[in-house]
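Given next are the chains, with one letter for each unit.
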Amino acid sequence: MNTAGPADVPARMGLDLTPFRGLRYDPDRVGSLSAVTSPPYDVVVRPDGLLHLESADPHNIVRLILPQDGTPTARNQQAADTLDLWLSEGILTTDTEPGLYVYEQRADDGMLQRGIIGALRLSEPSDGVVLPHEDVMPHVVADRADLMRATSANLEPLLLTYRGNGTASGTTAVIERAAHRPPLLSTTTEDGFSHRLWAVTDPADMSEIQTDLSCHQALIADGHHRWATYLRLRAEHPSPSPWDFGLVLLVDTARYPLRVRAIHRLLHRLPLADALAALGDSFRVRQVDGPLPEALEALSAAATEGNAYLLAGDGAFHLVDRPSPDLLARTIPADRPEAWRTLDATVLHATLLDHVWRIPDVPEHIAYIHDTAATVAKAERDGGTAVLMHPVREEVVRDLAGQGITMPRKSTSFGPKPASGLVLRALGL
């Protein structure tokens, strides 16, 4: 895959992953490694999840990725001051030599995921090296950029995927060899996942990885806003600089397939009764039996026939499907591929949110929540509407990304996501 860069930069082949000196917790200075980790910043369900993580350990990584204070400026300064304090106290220490990091996640149900963490050279979507598949929200990118500027650090890795040939060669061979050595760290988080990390510092191993990855392109599975943040900050710093690279976890999904889940919507200011009344006869609406797992099965069955959503917030579950073809024709842009026009997220945003409910896509009106039960509970508690989604198939995501077509924001949740707090990258090291 040839990708031409700017005139003053030689053309590159594929992914350019480089070693870095990892910043890691000293296990002797914290209660436990599991107590200082966190899900990625956008998965933490505020405020309950945030308070839980903050109370787990005074050094939990959430104090860096989601600092709490009165103003955005104060929050970001607090994160920077906290990072400086932890460095000075030896809570966080820097590895002595640059390396790449093999990262393993394992679940009780037998799921195993392994990948490689490194500093990836940044590229624009038009370069065809790293492909986004979702739109981003400018205010979130601005928020993440302010935090990254203040801390001068990549605080958590993005999740990127690529497709190898399925054999134990190249990067996979290095990963498998590392997994037979004693790890740098090993911990089990409260979600039941075990995590292990190894450093790859042998020049031959690093060269084998870099040569292999240079023939591949990657899909952003999780971290679109942080990737957009990387690009914004790169533009602010004259090249060459550490800002030319960003912290990522690369997973070969030919060998370790990811799980794809939906991201749900919580409509803060729309009571469920009003949401259902506004549908009129433009959708079929049926109440379905609970509890939640049974209602989700009904959603899954309906999704095989077309667009379908599960609405909740009044103690019951309402299946919404079979949209009016005339309504779709009036509200869905016709200049996109069929696969995009028929996405549940496309119909939700273009038809339901924009046309039927007339709700702007801003935080005051819409929250994006990964946890299904939490979405329902918040809707019932706050008097809003939970819109539960069915996941998109990975091949649809890849096909659209390959065409340069981005999906509506927060259309998918690939996982398992890397735990935040196991390895950080300081830009000044």
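I will try to describe carefully the structure that is included in this document. Residue numbers run consecutively from 1 along every chain, following the written order of its sequence. Residue-level local features of this predicted model are given only where pLDDT is at least 70; pairs of side-chain atoms are given and counted only at 80 or more, and the full residue set underlies all totals for whole chains, interfaces and linings. As a convention, hydrogens and water are excluded, and side-chain values are obtained from all of the structure's heavy atoms.

A few points about the overall build of the protein
By definition, any uninterrupted DSSP run of H or I lasting at least four residues is a helix, any uninterrupted run of E lasting at least two residues is a strand, and each is numbered from the N terminus. From N to C terminus, the protein includes 15 helices and 23 strands. Here the globule rule is a power law, 2.2 Å times the number of residues to the power 0.38, and the radius of gyration is based on C-alpha atoms. On C-alpha atoms alone, the protein measures out to a radius of gyration of 22 Å, which is about the 22 Å that the 2.2 N^0.38 rule sets for 429 residues. Considered along the principal axes of its C-alpha atoms, the protein spans approximately 65 × 50 × 45 Å. A total of 429 residues make up the protein; the buried ones form 54% of that total. When checking whether two residues touch, look at their non-hydrogen atoms; a contact exists if any pair is within 4.5 Å. A separation of at least 24 residues holds for 78% of the contacts in the protein among residues at least 6 apart in sequence. As presented, the protein carries roughly 17,900 Å² of accessible surface, and 51% of it is formed by carbon and sulfur atoms. Within the protein, the 56 negative side-chain charges are centred at a point lying 2 Å from the centre of the 39 positive side-chain charges. Residue exposure (1.4 Å probe, protein chains only): buried if accessible area is under 20% of the type maximum, exposed if over 50%, otherwise partly exposed. Only the protein chains shown count as covering a residue, and every accessible area follows the Shrake-Rupley method with a 1.4 Å probe. His is not counted, nor are the chain ends; Lys and Arg add positive charge and Asp and Glu add negative charge. Where a charge lies is defined by one atom per residue type, namely NZ (Lys), CZ (Arg), CG (Asp) and CD (Glu).

Things to note about the packing of aromatic side chains
A pair of aromatic rings is counted whenever rings of Phe, Tyr or Trp (Trp by its six-membered ring) have centres within 6.5 Å, and the orientation is called stacked for planes under 30 degrees apart, edge-to-face for over 60 and tilted otherwise. In the structure shown here, the tally under the stated rule is 3 aromatic pairs. With centroids separated by 6.2 Å and ring planes inclined at 50°, the aromatic side chains of Tyr 25 and Trp 86 adopt a geometry described as tilted. Linking Tyr 25 in strand E4 (residues 23–25) with Trp 86 in helix H4 (residues 72–89), this pair joins segments that are 61 residues apart in sequence. Here the two residues Tyr 25 and Trp 86 agree in accessibility, since each one is buried. Between Trp 227 and Tyr 230 the ring centres are 6.2 Å apart and the planes differ by 65°, which places this aromatic pair in the edge-to-face class. Of this pair, Trp 227 and Tyr 230 both sit in helix H8 (residues 224–236), 3 residues apart, which is roughly one turn of the helix. The aromatic ring of Tyr 41 is capped on one face by Arg 144, whose charged end is 4.0 Å from the ring centroid. Distance and angle both matter: a charge sits over a ring if NZ of Lys or CZ of Arg is within 6 Å of the ring centre and within 35 degrees of the ring normal.

Some points on the side chain of Ser 420
By the element assignment, Ser 420 lies in the loop between strand E22 (413–415) and strand E23 (425–426). Relative accessible area serves as the criterion here: at 1%, Ser 420 is assigned to the buried category. For this analysis, a polar contact is any N or O atom pair within 3.5 Å, provided that within protein one partner can donate a hydrogen and the other can accept it, and provided that sequence-adjacent residues contribute only side-chain to side-chain pairs. There is a polar contact of 2.4 Å between the side chain of Ser 420 and the side chain of Glu 156. Residue contacts for Ser 420: discarding those within four places in its chain leaves Val 36, Thr 37, Ser 38, Pro 39, Pro 40, Ile 61, Ile 65 and Glu 156.

Notes on the nonpolar core
Side-chain atoms within 4.5 Å are what join buried Ala, Val, Leu, Ile, Met, Phe, Trp, Tyr and Cys residues into a set we call a nonpolar core. Ranked by size, the top nonpolar core spans 114 residues in total, and within it Ile 116, Trp 227, Leu 250 and Trp 357 carry the most contacts. Beyond its immediate chain neighbours, meaning those up to four positions away, Leu 250 contacts Leu 15, Leu 17, Gly 115, Ile 116, Leu 160, Tyr 162, Leu 213 and Ala 218. Leu 299, Ala 302, Ala 308 and Leu 310 belong to the second largest nonpolar core, which has 18 residues in total.

Here we look at the pairing of strand E13 (residues 218–222)
With respect to burial, E13 is a largely interior element, 5 of its 5 residues being buried. At least two bridges found by DSSP between two strands are what make those strands a pair. Two strands pair when backbone bridges link them, and strand E8 (residues 130–131) and E13 are joined in this way by 2 bridges, in the parallel orientation. Counted as the bridge partner of Val 130 is Ala 218 from E13. Relative to E13, strand E10 (residues 158–162) runs antiparallel, the two sharing 3 bridges. Opposite Leu 159, over in E13, you have Asp 222 as the bridge partner.

Things to note about the pattern of salt bridges
Every case where a carboxyl oxygen of Asp or Glu lies within 4 Å of a side-chain nitrogen of Lys or Arg is listed as a salt bridge. Here the structure, examined in full by the defined rule, presents 26 salt bridges. Of the charged contacts, one joins Arg 255 and Glu 176 as a salt bridge, the two residues approaching to 3.6 Å between their closest N and O atoms. A residue pair is termed long-range when its members are at least 10 positions apart, and Arg 255 in the loop between strand E14 (245–252) and strand E15 (259–261) and Glu 176 in helix H6 (residues 171–178) qualify at 79 residues. By relative accessible area, Arg 255 is classed as partly exposed at 29%. Residue Glu 176 is classed as buried on the basis of its relative accessible area, which comes to 15%. Note that Glu 208 and Arg 177 form a salt bridge whose closest N and O atoms lie 3.1 Å from each other. Here Glu 208 is found in helix H7 (residues 203–213), whereas its partner Arg 177 is found in helix H6, with 31 residues between them in sequence. We classify Glu 208 as partly exposed; its relative accessible area is 29%. Ionic contacts of the salt-bridge type, sharing partners, join the residues Glu 104, Arg 106, Arg 114, Glu 176, Arg 196 and Arg 255 into one network.

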